[in-house]
Amino acid sequence: MKSHLIFIGAPGSGKGTQASKFVTEKGLKHISTGDLLRAEIAKQSALGKEVKSVMDSGALVSDDLVIRLLQANVDLQKSQYIFDGYPRNIAQAQTLDKEVLKGAPSTAVYFEMDMGKLVSRLTNRRTCKTCGAIYNLISKAPKITGVCDVCGGTNLVQRADDQEDVIKNRLQVFQDTVSPVLKYYQDQGRLMRVDAEKAVDDIFGQIASKV
Ligand code: AMP
């Protein structure tokens, strides 16, 4: 049976970039709780209105709400998944095992990176509003300024929470909560560490060789 992947890493550590490569090259399905929440905000649903201010501040939304959203969007019978942005704390890690994976094999991948470099990565991050492709104005700029290489869309936007003060809060929240999550997977022999500062293809090869 194929292993599901659980991506753990600070905001900006490259989880989304790797996830989209696994989707196109290996046919995995990418599920990002951040994307699901942003979609609710864009739809202006009741849930979206409830979470907007929390997300804008860089804090985490409630565990209960995120798990409901995740369960509504996952069908383990149909796909091999990459969980991105979930779990964010030990309670979520336990819930993922008990209520979603239910014994299905999975590997947690930790994207290790120097926190100091992330602020610049994130302030320069842009996302195509049409297809979701991710760019970095310094290290991975689109070939034509302002135009998406993938779909030709011209709306490359900065996420609301990629402003410097909010970024610092998001990184702090990550640092405060990640250690027990890593220990949880490490203790069960389910953790793989990758150097998130390596080239995108090297990281991809390392993860792909283990799953
Ligand atoms: P991300 O796109 O993963 O950086 O997430 C953006 C924001 O969505 C976070 O700062 C949180 O406010 C919220 N969020 C995403 N995933 C979770 C989660 N698993 N638990 C709680 N909040 C989350």
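The coordinates are above.
The present account deals with the structure reproduced in this document. (Residues numbered from 1 in each chain as written. Predicted model: local features only at pLDDT ≥ 70, side-chain atom pairs only at ≥ 80, totals over all residues. Heavy atoms only, no water.)

This next bit is on the pattern of salt bridges. According to the stated counting rule, one finds 17 salt bridges in the structure shown. Close ionic contact of lysine 43 with glutamate 40 constitutes a salt bridge, the shortest N to O distance being 3.2 Å. On the criterion of helical spacing, the pair formed by lysine 43 and glutamate 40 is a turn pair, its members being three residues apart in helix H2 (residues 33–43). Residue classification places glutamate 40 among the buried positions, given a relative accessible area of 13%. The partner of lysine 143 in a salt bridge is aspartate 149, with the nearest N and O atoms 4.0 Å apart. (Salt bridge = Lys/Arg side-chain N within 4 Å of Asp/Glu carboxyl O. Helix = DSSP H or I, 4+ residues; strand = E, 2+ residues; numbered from the N terminus. Buried < 20%, exposed > 50% of the residue type's maximum accessible area, 1.4 Å probe, protein only.)

Turning to the environment of arginine 125, a few remarks are in order. Take arginine 125: it is sitting in strand S5 (residues 125–128). By relative accessible area, arginine 125 is classed as buried at 14%. C-alpha of arginine 125 to C-alpha of isoleucine 138: the two residues are 13 residues apart in sequence and 8.8 Å apart in space. Residues in contact with arginine 125, not counting those within four places in the same chain, are Gly12, Ile134, Tyr135, Asn136, Val157, Gln158, Arg159, Asp162 and Arg170. (Contact = heavy atoms within 4.5 Å.)

Keep in mind these values describe shape, not function.
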